[in-house]
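# Summary of structural features
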Amino acid sequence: MVTNLPAEAKAKWLKVLEARTLEEKIKALEEFLSAVPKHKGTENLREWATKRLAELRDELEERKRKATRRGVSFLVEKEGAAQVVLVGLPNSGKSLLVHKLTGAKTRVSEVPFSTTFPQVGMLRYEDIYFQLVDTPPILPGKGPYNTKVMGLCRNADLILLVLDATRDVVSDYLALRRELESAGILLTRPKGRVEIERFKTGKVGIRVTMMGELVNATVEDVKKLLASYNIYNAHVRIMGSVSLDDVEHAIFGNVLYKPSVTVVNKIDLGDKAVVQELVSKAGVPGVVVGVSALTGEGLDKLGELIFRELEIIRVYTKSPHGGVSNKPLILKRGATVLDVARRVHDDFVKNFHYARIWGPSSKYPGEKVGLDHVLMDKDV
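Parameters at a glance
Residues numbered from 1 in each chain as written. Predicted model: local features only at pLDDT ≥ 70, side-chain atom pairs only at ≥ 80, totals over all residues. Heavy atoms only, no water. Helix = DSSP H or I, 4+ residues; strand = E, 2+ residues; numbered from the N terminus. Pairing = 2+ DSSP bridges. Axes fitted to C-alpha atoms, helices over the stretch in contact; angles between N-to-C directions. Contact = heavy atoms within 4.5 Å. Parallel < 35°, antiparallel > 145°, perpendicular 65-115°, else oblique. Left-handed = near helix turned anticlockwise from the far one by under 90°. Nonpolar A, V, L, I, M, F, W, Y, C, P; charged D, E, K, R; others polar. Core = buried A, V, L, I, M, F, W, Y, C linked by side-chain atoms within 4.5 Å. Buried < 20%, exposed > 50% of the residue type's maximum accessible area, 1.4 Å probe, protein only. Arc of directions from axis to C-beta. Salt bridge = Lys/Arg side-chain N within 4 Å of Asp/Glu carboxyl O. Phe/Tyr/Trp six-rings, centres within 6.5 Å; stacked < 30°, edge-to-face > 60°. Lys NZ or Arg CZ within 6 Å of the ring centre and 35° of its normal.

Turning our attention to unusual backbone geometry. Here Asn91, not a glycine, exhibits a phi torsion of approximately 65 degrees, which is positive. Structurally, Asn91 is set in the loop between β1 (82–88) and α4 (94–102). Within the chain, Asn216 stands out as a residue other than glycine whose phi angle is a positive 55 degrees. Along the polypeptide, Asn216 turns up in the loop between β7 (206–214) and α7 (219–228).

Ordered by their spatial adjacency, three strands build an open sheet running β6-β8-β7, and the pairing between neighbours is mixed. Looking at which strands have only one partner, the edges of the open sheet turn out to be β6 (192–198) and β7. Across the sheet, the axes of successive neighbouring strands diverge by a mean angle of 5 degrees, strand direction being ignored. Examined bridge by bridge, β7 and strand β8 (residues 234–242) share nine bridges and lie parallel to one another. From the neighbouring strand, Thr209 faces β8, where its bridge partner is Arg237. Each of β6, β7 and β8 is contacted by α7, which is oriented at about 130 degrees to β7, the strand it contacts most. In the packing of helix α8 (residues 244–252) onto the sheet, contacts are made with β6 and β8, and the angle to β6 comes to roughly 45 degrees.

Right, let's get into the packing of helix α1 (residues 7–18) against helix α2 (residues 22–35). Between α1 and α2, the least distance of the axes is 8 Å, while the angle of their chain directions is 165 degrees. Here α1 lies roughly antiparallel to α2, going by the angle between them. The handedness of the crossing between α1 and α2 is left-handed. Note on element contacts: α2 touches α1 through Ala28, Leu29, Glu31, Phe32 and Ala35, opposite Glu8, Ala9, Lys12, Trp13, Lys15 and Val16. Broken down by class, the residue content of the contact of α1 with α2 amounts to seven nonpolar, no polar and four charged.

Another point: the nonpolar core. In a soluble, globular protein the nonpolar side chains are often hidden away together inside. In this structure, Leu5, Trp13, Leu29, Phe32, Tyr229 and Ile231 are the most contacted members of the largest nonpolar core, which totals 36 residues. Those elements that place two or more of their residues in this core are α1, α2, α3 (43–67), β7, α7, β8 and α8. Of all the elements, α2 adds the most residues to this core, at seven residues. Those residues in contact with Ile231 that sit more than four places away from it in its chain are Leu14, Leu17, Arg198, Ile206, Leu226 and Ile251. Judged by nonpolar contacts, the second largest core, of 32 residues, contains Val76, Val87, Leu161 and Leu180.

Moving on, we get to α8. Each α-helix turn comprises 3.6 residues. Residues three or four places apart therefore point the same way. Buried within α8 are the following residues: Leu244, Val247, Glu248, Ile251 and Phe252. For α8, the buried positions fall inside an angular range of 140 degrees around the axis, keeping them on one side. Gly253 sits one or two positions beyond α8 and adopts a positive phi of about 65 degrees.

Before going further, it helps to examine the pattern of salt bridges. Under the criterion given, the structure shown has 20 salt bridges. Note that Glu126 is salt-bridged to Lys378, the shortest N-O span being 3.6 Å. Of this pair, Glu126 sits in the loop between β2 (119–125) and β3 (128–134) while Lys378 sits in the segment after β15 (367–369), placing them 252 residues apart in sequence. With relative accessibility at 41%, the residue Lys378 sits in the partly exposed group.

At a closest axis distance of 10 Å, the pairing of α7 and α8 adopts a crossing angle of 35 degrees. Taken as a pair, α7 and α8 cross one another with a handedness that is right-handed. Here Asp221, Val222, Leu225 and Leu226 of α7 come into contact with α8, specifically with Leu244, Val247, Glu248 and Ile251. Partitioned by chemical class, the residues of the contact of α7 with α8 number six nonpolar, no polar and two charged.

This brings us to the environment of Leu89. Summarising the element assignment, Leu89 is placed in the loop between β1 and α4. Spatially, the C-alpha atom of Leu89 lies 19 Å from that of Lys100, the residues being 11 residues apart in sequence.

Regarding helix α9 (residues 273–282), the residues found buried are Val274, Val275, Leu278 and Ala282. Down the axis of α9, the sector holding all buried residues measures 110 degrees, keeping them to one side. Away from its buried face, by an angle of more than 90 degrees, α9 presents the exposed residues Gln276 and Ser280. Just downstream of α9 lies Gly283, where phi reads positive at about 60 degrees.

Here the structure, examined in full by the defined rule, presents seven aromatic pairs. Ring geometry for Trp13 and Phe252: centres 4.7 Å apart, planes at 50 degrees, overall tilted. Here Trp13, found in helix α1, pairs with Phe252, found in helix α8; they are 239 residues apart in sequence, far enough to count as distant. The exposure classification of Trp13 matches that of Phe252, with both residues buried. A network of ring pairs unites the aromatic residues Trp13, Phe32, Trp48, Tyr229 and Phe252 as a single cluster. Across from the ring centre of Tyr229, 5.0 Å away, lies the NZ or CZ of Lys10, which sits over that ring.

See the structure below:
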């Protein structure tokens with residue numbers, strides 16, 4: 001734990017949380033780092049903060065580049081139902097994969113580091129599109145693009161890891177995973193999750209909603225921890241099995257879980273058994289699939305696999321006397337009518353009486369339901 005931070009460092013972290021512009025965040029993070037003592041208990045925190053500072057500086061530079069239209073930018077605005085960032089070692093075949101899946105004019109070459117900026121394409125799955133982002137390759141350790149690619153991964157909805165079937169896929173996968181974890185990006189879903197929503201106005205105090213359990217800690221311990229960071233007005237949601245460490249990680253926001261799909265490319269040139277070997281030896285979370293960007297083998301499965309791993313649903317709106325909308329709302333699995341009402345307009349919540357539902361979640365067509373009704377994919 002890093003709760004042995006001096007009060008000065010904790011106060012400076014609050015300034016990081018309150019910073020609004022990139023310039024403010026960079027300055028506040030620099031001041032925070034200068035206040036964090038150097039000892040074994042703060043090694044991971046300092047390493048994460050240093051890398052995050054590098055990401056923010058890169059992002060600021062990219063914004064300036066984009067504003068002045070000087071060259072190509074690393075910033076990728078989200079489009080479609082979800083943003084999927086491809087990550088792989090040199091010559092794993094990411095560029096050809098994006099080209100074959102989306103038709104985007106990516107730079108395909110056997111020369112390492114031919115891709116130097118993100119390349120974007122749209123992958124259609126049934127009636128929605130996923131934004132695929134091809135990235136420069138990762139070199140474990142200190143690759144020239146590692147920091148920028150990790151910045152893209154932090155913003156992504158899903159990470160698509162691309163491996164080369166002709167190489168040691170287990171070793172390559174573990175190297176990519178270590179690189180992601182060193183940037184605070186987890187591919188394995190944690191046992192518990194903590195969400196902290198801070199309030200700037202009013203005196204609501206600390207509200208803790210338990211949708212799981214605290215391990216070796218109490219609600220009072222959580223309140224004391226937040227108070228040590230001068231956080232006195234917040235709503236804390238505890239989901240799954242959570243420790244006080246997890247609560248502190250949530251304060252810093254330095255650990256993010258990202259769903260993933262692992263693709264073993266060039267399966268036409270390698271041994272198909274490496275797919276199963278990867279599953280058994282590397283403990284890969286999510287799904288693993290063998291494909292060939294060259295021949296097209298297995299590419300037809302990717303849209304469905306991405307959709308499934310994202311845990312999203314499509315919900316279609318319909319006016320009382322009109323037709324069903326062609327464009328669905330994209331929501332997380334477990335979403336309710338309340339989520340739809342908020343997405344459409346705040347007045348829908350204020351003046352709500354009931355909704356009518358057609359589809360998988362309804363007991364019969366046109367069933368009347370309340371705001372807490374849980375929706376399913378393809379509901380109307």
